[in-house]
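Below, each chain spelled out in residue letters.
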Amino acid sequence: MLKRIDPRRDLVSADDAVSVAPVAQPTPLGKRLKLEGLKRSFGPRKVLDGLSLDVPAGQFVAIVGRSGVGKSTLMRLVVGLDQPEEGRVVIDGEPVKGLQSSVRLLFQDARLLPWHSVLSNVGIARTPGWREAAIEALSDVGLADRLNEWPAVLSGGQRQRVALARVLVGRPSVLLLDEPFGALDAMTRVEMHGLLERLWLQRKFTTLLITHDVAEAVALADRVIVIKDGRLTFDIDVAAERPRHRADPHLAALQDKILAEV
Amino acid sequence: MSRISRGESFVDRLTPWLLPVSVLVLWEICTRVGLIEQRVLPAPSQVAVAFWENAKSGALAHHVMVSFNRAIVGLAIGGSIGFILGVLNGVSRPAEKLFDSGLQMLRNVPHLAIIPMVILWFGIDETAKIFLVAVGTMFPIYLNTFHGIRTVDRGLVEMAKVNGLGRFAIFWRVVLPGAMPSVLVGLRYALGIMWLTLIVAETISASSGIGYMTMNAREFLQTDVVVLGILVYALLGKAADFATKLIEHRVLAWHPAYHASGSVSA
Ligand SMILES: Nc1ncnc2c1ncn2[C@@H]1O[C@H](COP(=O)(O)OP(=O)(O)OP(=O)(O)O)[C@@H](O)[C@H]1O
Ligand SMILES: [Mg+2]
């Protein structure tokens, strides 16, 4: 296991705090997420076999692993759609069971309700004041002008942005992203990366991002972990300042290192 | 549709009418010169006269209203029962276990086969006709509602769950709208069965309604009224079809097949 903490990162955030503090900065939403020995099998197939992970509040973690290794299964356990056979999920010191209002999951496909407008899809939970919250979230993802349209007429990238707006309305403390950009073209992906990074920097929700794309992982995350054989087998911090440059040789070297572990 | 026809010339638009109109003209000529006996088939003009006379006396409107009433009441009863059972069995496995196989067995009995029993139970009363229509329309709506609810995208239900929707909200906002296309397919089938049932039931036993009107006319060899009755049934069937199309456009406005612009109109 490799751990490298970059001393500069603390400096940068301290700097930020000094220079930006007077402006109305949204309070960080993130909560500490701890996964303790999660086990889940389907029939004879042990998919997760005692997976543990400790994520500090507000950290951005990318999870990589081969197809079928159990990444989506892990997300379903964390969000509460499925229960582990053993182990538990702990949020801010509290063991949780079942669906949590502080945890939101963005699926690989947008899963918009075709019979609702973009706006009412975003405000699907219909919490008090949902309309204003939905409009705000839609402008955060740059779709404020499309709120009265049917989802069917949006492009793939736009749909995924609507789905992102929908999870943002819930003001999650823990945001789970299950390969949300997997189906998008390269240009749109880069756009979505920028959007996600900006939102995360603003709100600092604790984030788990599943991705097949190691370049995406090192471009966005504070930390990359690899899942293999039902466990966490590799864990590395990404010590690069933001905004990051894709051509950064340090990141490229990191990518190779991670790829060797997958 | 309309966009295409706008570009068509006058002749193009007349073409589809060419065949039916010539058939009518030919038919009229054949009956006039005696090639077809009136007892076999009345001339179109005679049917038109029969229509005019029956309309003037109010008899036609009376029979149509009676038939229409039976159809709607029967459909409302049968459709509601089918819909409620479909929803119930769709959302609840225990309910499905309890009801479904029984309903499947009943479904295999052709409902027109029970007409003799129905006459014994209810006589030739209104109840008999309404009962038959209700039984006939219940099953297509039941089956399609059940199927629609069972085949709602699981992904959408999960999405609703993780976004904090409760069971009722999931039902109203996800499951039911998702089942709607299928429910409407059931409604279409039901409408076809509704008219068919009514035609048979009214022809066999009734003292009013279009079926009665035609059977009565048959006794007096008024073939023109019989043909008129057949035409009225056809028109009512067409009207029912049109009504479902309107409902579909309204209920399935979100469906890409129904919206041209993409914006949600209020
Ligand atoms: N409901 C289920 N029933 C049976 N097996 C399941 C179920 N869900 C997942 N599995 C199995 O668990 C394993 C892990 O699936 P999972 O979807 O978590 O993989 P993944 O890592 O997300 O893969 P991908 O990267 O392709 O999305 C697979 O072998 C899959 O067949
Ligand atoms: Mg997956």
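Residues numbered from 1 in each chain as written. Chains lettered and ligands numbered in written order. Predicted model: local features only at pLDDT ≥ 70, side-chain atom pairs only at ≥ 80, totals over all residues. Heavy atoms only, no water.

Caption draft 1: Representation of the site of ligand 1 in the model. Residue and element names in this part refer to chain A. Among the 13 residues in the neighbourhood of ligand 1, the closest are listed as Ser67, Gly68, Lys71, Ser72 and Thr73. In the model, an oxygen atom of ligand 1 is placed 3.4 Å from a nitrogen or oxygen of the histidine 212 side chain. Listing elements by their share of the shell around ligand 1, those giving two or more residues are strand S2 (45-55) and helix H2 (71-79). For the shell around ligand 1, the element with the most residues is H2, which contributes 3 residues. (Near = heavy atom within 4 Å. Polar contact = N/O pair within 3.5 Å; in protein donor to acceptor, adjacent residues only side chain to side chain. Helix = DSSP H or I, 4+ residues; strand = E, 2+ residues; numbered from the N terminus.)

Caption draft 2: Summary view of the UniProt feature "transmembrane region" (unreviewed entry) in chain B. According to UniProt, the positions carrying the feature "transmembrane region" (unreviewed entry) are residues 71-91, 103-124, 130-149, 170-187, 193-213 and 220-236 of chain B. In residues 170-187 of chain B, helix accounts for 100% and strand for 0%; the two terminal C-alpha atoms are 24 Å from one another. (UniProt positions renumbered as here; feature names shortened; annotations may be inferred.)

Caption draft 3: Inspection of the UniProt feature "domain: ABC transmembrane type-1" (unreviewed entry) in chain B at higher detail. Per the UniProt record, the feature "domain: ABC transmembrane type-1" (unreviewed entry) sits at residues 60-244 of chain B. Note that residues 60-244 of chain B is 86% helix and 0% strand, and that its end C-alpha atoms are spaced 25 Å apart.

Caption draft 4: Geometry of unusual backbone geometry. Residue and element names in this part refer to chain A. The peptide bond linking arginine 242 to proline 243 adopts the cis configuration, its omega dihedral lying at -5 degrees. As for its position among the elements, proline 243 is in the loop between strand S10 (231-237) and helix H8 (249-261). At aspartate 92, a residue that is not glycine, the phi angle is positive and equals roughly 50 degrees. Of note, aspartate 92 is situated in the loop between strand S4 (86-91) and strand S5 (94-96). Even without glycine at this site, aspartate 229 takes up a positive phi of about 50 degrees.

Caption draft 5: Structural context of the sheet that holds strand S9 (residues 223-228) of chain A. All names here are of chain A. With mixed pairing, the 6 strands of this open sheet are ordered in space as S6-S7-S8-S3-S9-S10. Edge positions in the sheet fall to strand S6 (103-106) and S10, since each of these pairs with one other strand and no more. Taken pair by pair, the neighbouring strands of this sheet meet at an average axis angle of 20 degrees, ignoring direction. Sheet analysis places S6 next to strand S7 (residues 174-178), joined by 4 bridges and oriented parallel. Opposite leucine 106, over in S7, you have leucine 177 as the bridge partner. Contacting strand S3 (60-64), S6, S7, strand S8 (206-210) and S9, H2 crosses the sheet at an angle of about 155 degrees to S7. (Pairing = 2+ DSSP bridges. Axes fitted to C-alpha atoms, helices over the stretch in contact; angles between N-to-C directions. Contact = heavy atoms within 4.5 Å.)

Caption draft 6: Seen up close, the UniProt feature "domain: ABC transporter" (unreviewed entry) in chain A. In the UniProt entry, the feature "domain: ABC transporter" (unreviewed entry) is given for residues 33-254 of chain A. When the span residues 33-254 of chain A is considered, its composition is 32% helix and 28% strand, and the gap between its end C-alpha atoms is 25 Å.

Caption draft 7: Molecular detail of the layout of surface pockets. As a volume, the second largest pocket reaches approximately 560 Å³. If you go around the second largest pocket, you meet 16 residues; those closest to its centre are B:Gly90, B:Val91, B:Arg167, B:Ile170 and B:Val175. (1 Å grid on protein atoms, 1.4 Å probe; cavity = no way out; pocket = protein on both sides within 12 Å on 5 of 7 lines; lining within 4 Å. Points joined across faces, edges and corners; volume = space filled by probe spheres on them.)

Caption draft 8: Main features of the interface of chain B and chain A. Counting residues at the interface gives 20 residues for chain B and 25 residues for chain A. Between chain B and chain A, roughly 2,100 Å² of surface is buried when both sides are summed, and carbon and sulfur atoms account for 68% of that area. Among the residues of chain B in contact with chain A, B:Val162, B:Trp254 and B:Val264 are the three that bury the most area, contributing 31% of the side total. Applying the counting rule to chain B against chain A returns 2 salt bridges. The closest approach of N and O atoms between B:Glu158 and A:Arg111, which form a salt bridge, is 3.2 Å. At the level of secondary structure, the elements contributing two or more residues to the side of chain B that touches chain A comprise helix H8 (154-162) and helix H9 (167-204) of chain B. Of the residues assigned to the side of chain B that touches chain A, the class counts are 10 nonpolar, 7 polar and 3 charged. (Buried area = accessible area lost by both parts, 1.4 Å probe. Salt bridge = Lys/Arg side-chain N within 4 Å of Asp/Glu carboxyl O. Nonpolar A, V, L, I, M, F, W, Y, C, P; charged D, E, K, R; others polar.)

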